[in-house]
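Read off the chains here:
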Number of protein chains: 2
Amino acid sequence: MPITDKKETAKTRILRVASYLFYREGVRAVGIDRIIAESGVAKASFYRNFATKDDLVVAYLEQFYDTFMKPFDEVKARHPEEPVKQLYELIESLGARIDTPGYRGCPFANTAVEFPNPDHPTYEIVMRYHTDTRHNLALAAEQAKAAEPNTLADQLLMLFNGALITAYLDRASYSSEHFAHAAKLLIQHQLTKKA
Amino acid sequence: MPITDKKETAKTRILRVASYLFYREGVRAVGIDRIIAESGVAKASFYRNFATKDDLVVAYLEQFYDTFMKPFDEVKARHPEEPVKQLYELIESLGARIDTPGYRGCPFANTAVEFPNPDHPTYEIVMRYHTDTRHNLALAAEQAKAAEPNTLADQLLMLFNGALITAYLDRASYSSEHFAHAAKLLIQHQLTKKA
DNA sequence: CTATAATGGTACAGACCTGTCTCTATCAAT
DNA sequence: ATTGATAGAGACAGGTCTGTACCATTATAG
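Residues numbered from 1 in each chain as written. Chains lettered and ligands numbered in written order. Predicted model: local features only at pLDDT ≥ 70, side-chain atom pairs only at ≥ 80, totals over all residues.

Help me understand the environment of Thr52 of chain B in this model?
Residues and elements named next belong to chain B. Tracing the sequence through the fold places Thr52 in the loop between α3 (43-49) and α4 (53-78). With 11 C-beta atoms counted inside 10 Å, the residue Thr52 sits in the exposed group. Put simply, Thr52 and Ile32 are 20 residues apart on the chain and 9.6 Å apart in space, counted from C-alpha to C-alpha. (Helix = DSSP H or I, 4+ residues; strand = E, 2+ residues; numbered from the N terminus. Buried ≥ 20, exposed ≤ 12 C-beta atoms within 10 Å, placed from the backbone.)

If you want it as structure tokens, here you go:
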């Protein structure tokens, strides 16, 4: 096996190019041939690293899973004893992600729209992303002593998903300030409410 | 030209079957051959009524456009002098739509995900749906004397889109009560706030 | 230097997709 | 009954897609 990793390996190159194209143009719209051409890789090399296109799509989502979950760990580490601050920073984090150039919506939602069949290999990771996100939100809400942590988690998740898709559909009608303001309103209402 | 319409014409049959399949399985996933087979129509008849598949997709979205815009007219007619009631009934209307069996997300958002290219023929109607919805919300917010009508419209649109996509991605984490409650909270905050 | 593993290039098979074409059958109006 | 519009059935072309096979090339390990 190779010791040096100076040159980017074929597998990582494929995954990088595929992620870029899948996210920008959609999974179904981007064919294997295009990925091979733009990553400068042989077709055989592709199929040696990914048995099927679906396997590549799952790997693409796994990457985003890590990216999307990291903020939860980060805010927990940064403010271990301040759950409300955790929630607020999660809001900032999502707003920043949306304001990033090249933003094209939520890759999990997008993939679920392209492959609605629960038998599809992508179904599992989309659900995992969603339930984990909801679980983390509920945990923070509970520690923040929200009156109804699950209600708050559901509402925040709804608003998060709404921000993600609205900013994608029509940039002009989205504002990170309006989003953050609405989210904080939902949080504050749950904190001042009697359980 | 035919006088009687007793038998469903080929065009409406195609559109009905295509709408069902496009909405359930996605536009790219459903081919012309399948639509022809399931609507019991000849291929020539199909292309006599729709020059291309894209034309059919646009017709499919036009149908949904009417469906999605109707509630705005209805609530306005029902409560012409009560804009807050209009907003509340719009919330109810959306919740009811989501709770309908066979619900599979927002057809406009779904199509935009499948065809992100602004040059695609579907782009225009998706934008039209979105801007019209936002405009109608802002109008009601203004008449309700919201402190910042455009802010409220943006936030409601975000929450509406979020409810639509969240209910699609994970039915278990969606609740029409939680949605309605969050929406009413945003409205009430804008009504009690000083301009 | 040699052996081994990873890679590039490319042709190809089989399926599916959109769209065109021809021919035949039906049906309503005159 | 004849005519003209509408519709069904299906072959076919040209392209694209996924996935396989074969062979030459490069680079690294021993």
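It is not clear to me how the protein's contact with DNA strand D should be interpreted in this structure. Could you clarify?
Around DNA strand D, a shell composed of 19 residues is seen, among which Gly31 and Ile32 of chain A together with Ala10, Ala42 and Lys43 of chain B lie nearest. Of all the secondary-structure elements, those providing two or more residues to the surface near DNA strand D are α2 (32-39) and α3 (43-49) of chain A together with α3 of chain B. Element by element, the count of residues in the surface near DNA strand D is highest for α3 of chain B, at four residues. Looking at the surface near DNA strand D residue by residue, the classes come out as nine nonpolar, five polar and five charged. (Near = placed C-beta within 6 Å. Nonpolar A, V, L, I, M, F, W, Y, C, P; charged D, E, K, R; others polar.)

Looking at this model, I keep getting lost on the protein's contact with DNA strand C. Mind explaining?
Lining the immediate environment of DNA strand C, one finds 19 residues, of which Ala10, Ala42 and Lys43 of chain A together with Gly31 and Ile32 of chain B sit closest. Elements supplying a minimum of two residues to the surface near DNA strand C: α3 of chain A together with α2 (32-39) and α3 of chain B. By residue number, the principal contributor to the surface near DNA strand C is α3 of chain A, which donates four residues. Classifying every residue of the surface near DNA strand C gives nine nonpolar, five polar and five charged.

I tried to follow the interface of chain A and chain B on my own but got confused; where do I start?
Reports often express the size of an interface as the amount of accessible area lost when the parts come together. Listed per partner, the contact involves 36 residues of chain A and 36 residues of chain B. Here the element with the most residues in the side of chain A that touches chain B is helix α8 (residues 149-169) of chain A; it accounts for 12 residues. Split into classes, the residues belonging to the side of chain A that touches chain B amount to 16 nonpolar, 13 polar and seven charged. (Contact = placed C-beta atoms within 7 Å.)

I keep staring at the relation of the copies chain A and chain B and nothing clicks. Help me out?
For these two chain copies, the linking operation is a rotation about an axis paired with a shift along it. With an RMSD of 0.0 Å, the fit of chain A onto chain B corresponds to turning through 180 degrees and sliding 0.0 Å along the axis. On the angle and the small slide along the axis, the relation comes out as a two-fold axis. Minimal C-alpha separation from the rotation axis in chain A is found for Gly162 of chain A, amounting to 1.7 Å. Of the interface residues in chain A, 100% have counterparts in chain B that sit at the interface too, so the contact is made through matching surfaces. (Least-squares fit on C-alpha atoms with pLDDT ≥ 70 in both.)

Please explain the domain arrangement of chain A as it appears in this structure.
Residues and elements named next belong to chain A. We note that the domain assignment places domain 1 (8-50) and domain 2 (58-192) within chain A. If you look at the interface, domain 1 gives 10 residues, while domain 2 gives eight residues. In the side of domain 1 that touches domain 2, the residues fall into six nonpolar, two polar and two charged. (Domains from an automatic or database assignment.)

For this particular structure, what's the right way to read helix α8 (residues 149-169) of chain B?
Along an α-helix, residues three or four positions apart point the same way, because every turn accommodates 3.6 residues. Taking 1.5 Å per residue as the helical rise, α8 of chain B with its 21 residues ought to reach 30 Å, and the 30 Å between its terminal C-alpha atoms agrees with that figure. Burial within α8 of chain B is extensive, with 19 of its 21 residues counted as buried. (Expected span 1.5 Å × (residues − 1).)

Would you mind showing me how to read the packing of helix α9 (residues 176-192) of chain A against α8 of chain B here?
When two helices pack together, their arrangement is given by the angle between the helix axes and by the axis-to-axis distance. Axis separation between α9 of chain A and α8 of chain B bottoms out at 10 Å; the angle between their running directions is 75 degrees. As judged from the angle between their axes, α9 of chain A and α8 of chain B are roughly perpendicular. Residues His178, Phe179 and Ala182 of chain A of α9 of chain A form the contact with α8 of chain B, whose own contacting residues are Thr151, Asp154, Gln155 and Met158 of chain B. Among the residues making up the contact of α9 of chain A with α8 of chain B, the classes are represented as three nonpolar, three polar and one charged. (Axes fitted to C-alpha atoms, helices over the stretch in contact; angles between N-to-C directions. Parallel < 35°, antiparallel > 145°, perpendicular 65-115°, else oblique.)

Would you explain the nonpolar core in this entry?
Side chains of a nonpolar character, in soluble globular proteins, are inclined to be buried together. Counting residues in hydrophobic clusters, the biggest one holds 104 residues, and the most contacted among them are Leu159 and Ala163 of chain A together with Leu159 and Ala163 of chain B. Those residues in contact with Leu159 of chain B, other than ones at most four positions away along the chain, are Met158, Leu159 and Gly162 of chain A together with Ala182, Ala183 and Leu186 of chain B. (Core = buried A, V, L, I, M, F, W, Y, C linked by C-beta atoms within 7 Å.)

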